[in-house]
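# Per-entry structural report
Next come the chains, spelled out residue by residue.
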Amino acid sequence: MAIHILPETVAAQIAAGEVVERPASVVKELVENALDAGATDIRVEVQEGGRRLIRVGDNGCGITASEVELAFARHATSKIQTIDDLNYIHTLGFRGEALHSIAAVSRVTLTTRQQNEPLGVQIHIEGGEVKSRRQLGTAAGTVVTVEDLFYNTPARLKFLKGATTERRHISAMVTNYALAYPAVRFSLHHEGREVFRTYGTGQLSDVLVKMLGAELFRDMIEITPQQPAHGDQPSIRVHGYTSAPHQNRANRSHITLFVNGRVIQDSSLAYAVTQAYHTLLPRGRYPIAILMITMPPEEVDVNVHPAKAEVRFRNPDAVFSAVQRAVRNAVVGQAPSPAVRLPDFGHSYTPGWQDRRERLLQAGTQHRPAPRLELEAAEERPFQGIRGELDDNALTAIPEGPGRPLKPRTLPVLRVLGQIGATYIVAEGPAGLYLIDQHAAHERILFEQLMAERAAQKPIAQQTLEASTIELPMSSAALLEENLETLVRLGFDIEPFGGQTFRIRAVPALLAGRNPAEALRTIIEDLELGADPGKAALEEQVSLHVCKAAAVKAGQVLSMAEMQALVQQLERCETPHTCPHGRPTLIHISADQLAREFGRT
Ligand code: ADP
Ligand code: MG
């Protein structure tokens, strides 16, 4: 093929790919334009996750009639003049690419009027070509409607995820701008239904309550801008909210960072936030944080990427330590005072021992729901202690007593001796010592029960005594709606109850006795970590999450009877040696091994 210059439209479509990756990118650019136009009221409407339609309306300054076409030209902007202006960016946009890019890959209608002009203009563009233009009476401000995104770039269209996923990205985008601009009223509508609204009170906390729900918000610690410490770069300010250490999450995606009103991705700063919790969070857990970092515009380069999602700092170390210190001060200032230290007798106690000891003393005397940890009826317990060289397998032949048919044994009969660290059960078997991970073992038991119930198509739902409601953060609410059907198949009965609230009327029988809302919250949080594509079917994955939520936790003190029940049930699991995630449930130290260790052989 001979070398030739690409036609204008093709070049524009290629360039658009950098700015418009998915419907949420369109929302981002249009909302940024509205904010740059000084709007105090921004309304976002979406249909079919933005594939069908995205409409962003604002009450900002509008575009003067004579410049409407120009706004769609490539590199057309009213925000900078010279390259030096890039050093002092006070606006969200500056590249003059967004409208041009969006118009190249969709059908756009823009209606606008400047305050001091009597009439407004409406222009319709398809695939970058102006199809019509007319004057009309309209409210001051701008409304941009984007229809049939990627209609002329099928390759792009193919990569779009389902409507629910795109909807989730859009919701997250709008929420982020609402957080960064609490003085602006935002509303978001999906398929004509209002899903999010803020009132422009100027208070970050008001928006955060909307986003997280009042319940979770109560566990957030405010970070107030601090007086700069000696040697600090005084110009870097940090404020926002971060979660109390007990409110933590399994990944970093709940840390949201803003620099000068712009959401940014920066793994180093996310690390600074986590670091600030040093020793306060369990390993592999992360806080929820919303941080607003402000600094003079010349300290930060926002022109790193066409989507403006990454920035470069002139002094990254100063930003890192400012963030870390702000979060640390807030968290340490609020964290509960450390428990009274035990007198030191030269022993080192395992962590949390004192507290566990208290609970141990009370275990069994307190009523506490421990679902499905009742002893099975009248099971013979033939094994009472180590009997020399008895073969494990010999015991599987022991006939079972009357009552319901028991599944065949897959482990020898074990005698429970006690619990270590409120995490492991110590048991004795015919061939030595067994250490059982109580959580992993219980997960295995529940998983097999759930699979059996599913196979038998037994009704596995259990009505909750009182319908309980749960208020979820916006992103979790969307995820719940996406997985509603699967959850129903597993025995949940959940109905949307307006906004981010759901009513739980039944839970899988496995979860009976648990707080339904708490269990559901754990499952959703787990789901947020994302499915392993290609691994198990979605239903099985959700089943795993249900079992994880229902199982006794590490750190939970169990009574003797509870431990016995757990071990009895594990003995009859089909695959007792691993939990459903593949971790071992038990460690066996043989009588021989013990004898060797003690030099008896
Ligand atoms: P940029 O935002 O980088 O300048 P855009 O392509 O997004 O580039 O927009 C081009 C120009 O159109 C902007 O500089 C601005 O002058 C004008 N404009 C776009 N959207 C709006 C709006 N909602 N209200 C007022 N002016 C707008
Ligand atoms: Mg713009």
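A short tour of the structure in this document, coming up. (Residues numbered from 1 in each chain as written. Chains lettered and ligands numbered in written order. Predicted model: local features only at pLDDT ≥ 70, side-chain atom pairs only at ≥ 80, totals over all residues. Heavy atoms only, no water.)

### Quick look at the pattern of salt bridges
Pairs can form between side chains of opposite charge once their charged atoms are near each other. Here the structure, examined in full by the defined rule, presents 27 salt bridges. Across the salt bridge formed by Arg583 and Asp437, the nearest N and O atoms sit 3.2 Å from each other. Placement of the pair is Arg583 in the loop between α17 (560-571) and β24 (586-590) and Asp437 in strand β20 (residues 432-437), with a sequence separation of 146 residues. The class of Arg583 is partly exposed, set by a relative accessible area of 40%. Between Arg505 and Glu495 there is a salt bridge, with the nearest N and O atoms lying 3.5 Å from each other. In this pair, Arg505 is assigned in strand β23 (residues 501-508) and Glu495 in strand β22 (residues 493-496), connecting sequence segments ten residues apart. (Salt bridge = Lys/Arg side-chain N within 4 Å of Asp/Glu carboxyl O. Helix = DSSP H or I, 4+ residues; strand = E, 2+ residues; numbered from the N terminus. Buried < 20%, exposed > 50% of the residue type's maximum accessible area, 1.4 Å probe, protein only.)

### With respect to the environment of Leu281
Locating Leu281 in the fold gives a position in the loop between α9 (267-275) and β14 (286-287). A residue is classified by how much of its surface remains accessible, and Leu281, at 14% relative accessible area, is buried. Taking the C-alpha atoms as reference points, Leu281 and Asn248, 33 residues apart in sequence, are found 7.5 Å from one another. In this structure Leu281 touches Pro245, Asn248, Tyr286 and Pro287, once residues within four positions along its chain are discounted. (Contact = heavy atoms within 4.5 Å.)

### Focus on the site of ligand 1
Taken together, 19 residues lie around ligand 1, and Asn33, Thr77, Ser78, Lys79 and Gly96 are the ones closest in. Here ligand 1, which alone exposes 540 Å², has 92% of that area covered by the protein. (Near = heavy atom within 4 Å. Areas by Shrake-Rupley, 256 points an atom, 1.4 Å probe, with all protein chains shown as cover.)

### Section: the packing of helix α6 (residues 163-180) against helix α7 (residues 204-212)
Running from N to C, α6 and α7 point in directions that differ by 160 degrees, and their axes come no closer than 8 Å. Taken together, the axes of α6 and α7 lie roughly antiparallel to each other. Here Thr175, Ala178 and Leu179 of α6 lie close against α7, whose contacting residues are Leu204, Val207, Leu208 and Met211. Considered class by class, the residues forming the contact of α6 with α7 number six nonpolar, one polar and no charged. (Axes fitted to C-alpha atoms, helices over the stretch in contact; angles between N-to-C directions. Parallel < 35°, antiparallel > 145°, perpendicular 65-115°, else oblique. Nonpolar A, V, L, I, M, F, W, Y, C, P; charged D, E, K, R; others polar.)

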